[in-house]
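Chain and residue survey
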Amino acid sequence: MGLRSLSVSQQVGLLFVTLFGLLTLATLVAFVRSLRESTTPAEDAAQERMARELRAIWIGALLFWISWAAGPFVSTLLFGFVSFFALREFVTLTHTRRGDHRSLLLAFFVVLPLQYVLVGTRLFNAFTVFIPVYVFFAIPVVSALANDPLNFLERTAKIQWGITVCVYGMSHAPALLLLELPNWHERGAFLVFYLVVVVATAQLAQGLASRRLRRRPVARAISRSFSWRAWGAGAAAAAIVGALLYWTTPFKPLPALAMGAIAGATGTLGEFVMQALKRDAGVRSWSGRASVTGAVGLLDRVAPLCFAAPVFFHSVRWYFGI
Amino acid sequence: MKLPEAAGLVLAFVARLITGAQGHWHGVAPKAEQRIYFANHQSHFDWVLIWAALPRDLRAATRPIAARDYWTATPLRHWITREIFNAVYVSREHKDDEDPLEPLLEALRRGDSLVIFPEGTRGHGAEPAPFKSGLYSLAQAFPEVQLIPAWIDNVQRVMPKGEVVPVPILCTVTFGAPVALAPGEERRVFLDRARDAVIALREVA
């Protein structure tokens, strides 16, 4: 029985059954392993990290499922909340001043909801230019009206950057869900799934490669592990997995390979950039552990997606000429 | 569920949505014992933040102090402070014959916990202002009530003075080990020690 002979809802159902089946299996394995006596603190730490990762993947998968099952409105709303929490964490990490108050209010309570309204109503042309054009000019105006010239450019740039990554980047995930492609009706969930899987593959492969290859890091002050070789390995793995998953996408095998490489490569670069940002903000503890401000590491998790989603989204649109 | 309780849940939810309102407990556990929490004061939002950071079952028995003239001026303000927060009202104008701390002592006699900001007013600098003597008097009158220091971090960025809409920024409340009044301890010495205990939590956070 070929997958393409199933109805759309059956295909999507199969996707989720497979996804949750794999997750349940992984959770069971992790649970059984946690029952064994651990010998070293390093093992304990690894297990704890594993449990945290699994929990994050569960949350992500459930979010994905709810957003699919509940339709465009709820899915846009859910991604909107993820955006909100990511931006909240970003603003917490960057030290804003009093004069930024109104600009931040604009970002949180006007720009963010409007961007998601544009996604939800599938106004993709407006959605694409709203933040890069209109918000880009609106934010410095509001900031200047606050009458505080100290570090003006720096402060404005930080807010712009936060909006671009956390709102603009993130909003491309629900956009993929809602994108209407030729001969690909109502199957946006597969595109989001494909994107998440290839980005996760790239991250995993890059992590493994950097441990195995032990290449000299390109930018030691920012990341002890990032090297071009490892990055290439991540992108290659993403390309292979992307090509293997071509049947879940509207692409033929070769374009699927290219799309996988593009998404994987941008995702891991996004992760790298986020490390630079956290170094700059003076964050010592990494994902999952609460830091000084109580930031919970959501930004870490969504950053690769925030970087990869817009590039992937526009590659897809460009490829199909829509 | 009655209306004030529901409104309280909504308010706590909004406070958590905007600030995270994470409570960190170092050297003390969130238990339903009679306590006086004392914290640095930077924003009107401080009380809501501490209240939202407390576990739900502790919120009902933990009361803020509210200025009677302001918080009973309109029906809405009065309702919020009376029904949701169960505030202890104090008068800002003192008559000679009454103790300004009397409403607080009354609440403590009833077994309630209190949250106080011993600086008196909202501070502007990085360091909290010297503590006023109320904390000392309460500690003397109720030696068995635990005095819990708390450090509120980041809240001044959420709602700077003069603004009315809060910006979503993560804040934490760090609760520390109890401070006890030593036998025969001088008032100023104790107040400075209590203030240091609050400031020390900034590093722990």
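Residues numbered from 1 in each chain as written. Chains lettered and ligands numbered in written order. Predicted model: local features only at pLDDT ≥ 70, side-chain atom pairs only at ≥ 80, totals over all residues.

A word on the packing of helix α6 (residues 152-169) of chain A against helix α11 (residues 298-320) of chain A
All names here are of chain A. Close contact between α6 and α11 brings their axes to 8 Å; oriented N to C, the two are set at 75°. Taken together, the axes of α6 and α11 lie roughly perpendicular to each other. Between α6, through Val 165, Cys 166, Tyr 168 and Gly 169, and α11, the contact on the second element is made entirely by Ala 303, Cys 306, Phe 307, Ala 309 and Pro 310. Looking at the contact of α6 with α11 residue by residue, the classes come out as eight nonpolar, one polar and no charged. (Axes fitted to C-alpha atoms, helices over the stretch in contact; angles between N-to-C directions. Helix = DSSP H or I, 4+ residues; strand = E, 2+ residues; numbered from the N terminus. Parallel < 35°, antiparallel > 145°, perpendicular 65-115°, else oblique. Contact = placed C-beta atoms within 7 Å. Nonpolar A, V, L, I, M, F, W, Y, C, P; charged D, E, K, R; others polar.)

Structural notes on the domain arrangement of chain A
Residue and element names in this part refer to chain A. Per the domain assignment, the segments of chain A are domain 1 (50-178) and domain 2 (182-322). In this assembly, 23 residues from domain 1 lie in contact with 21 residues from domain 2. For the side of domain 1 that touches domain 2, the elements supplying multiple residues, two or more each, are α2 (41-69), α3 (71-93), α6 and α7 (172-178). In terms of residues, the side of domain 1 that touches domain 2 owes the most to one element, α3, which gives seven residues. Among the residues forming the side of domain 1 that touches domain 2, the class breakdown is 17 nonpolar, four polar and two charged. (Domains from an automatic or database assignment.)

Topic: the confidence of the model for chain B
All names here are of chain B. For chain B, the mean per-residue pLDDT works out to 88, and 99% of the residues sit at or above 70. Per-element confidence in chain B ranges from a low mean pLDDT of 85 for helix α8 (residues 155-158) to a high of 94 for strand β2 (residues 35-39). Model confidence for the complex: the whole-complex pTM is 0.85, and ipTM, which rates the interface, is 0.83. (pLDDT = per-residue confidence, 0-100.)

A closer look at the interface of chain A and chain B
Counting residues at the interface gives 16 residues for chain A, matched by 14 residues for chain B. When the residues that make up the side of chain A that touches chain B are grouped by side-chain class, the tally is eight nonpolar, five polar and three charged.

Some details on the environment of Trp 184 of chain A
Mapped onto the elements, Trp 184 of chain A comes out in the loop between α7 and α8 (188-213). Each C-alpha atom of the pair Trp 184 of chain A and Leu 105 of chain A lies 39 Å from the other, and the pair is 79 residues apart in sequence.

Digging into the pairing of strand β5 (residues 113-116) of chain B
Residue and element names in this part refer to chain B. Residue alternation in β5 divides its side chains into two sets, Ser 113 and Val 115 and Leu 114 and Ile 116, and both sets are buried. Note that β2 and β5 share three bridges and pair parallel. Within β5, the position partnered with Tyr 37 by the bridge is Val 115. For strand β3 (residues 62-67) and β5, the ladder comprises three bridges, and the chain directions are parallel. (Buried ≥ 20, exposed ≤ 12 C-beta atoms within 10 Å, placed from the backbone. Pairing = 2+ DSSP bridges.)

Details of the packing of α8 of chain A against α11 of chain A
For any two helices packed against each other, the geometry comes down to the angle between their axes and how far apart the axes lie. Residue and element names in this part refer to chain A. The contact between α8 and α11 brings their axes to 11 Å, and the two run at 125°. One finds that α8 runs oblique with respect to α11. Crossing hand, α8 versus α11: right-handed. Here Leu 195, Val 199 and Gln 203 of α8 come into contact with α11, specifically with Pro 304, Leu 305, Ala 308, Ala 309 and Phe 312. By residue class, the composition of the contact of α8 with α11 is seven nonpolar, one polar and no charged. (Left-handed = near helix turned anticlockwise from the far one by under 90°.)

Regarding unusual backbone geometry
A positive phi angle, close to 65°, is found at Asn 147 of chain A, a residue other than glycine. Looking at the element boundaries, Asn 147 of chain A is found in the loop between α5 (124-145) and α6. Of note, the phi angle at Asn 86 of chain B is positive, near 55°, even though the residue is not glycine.

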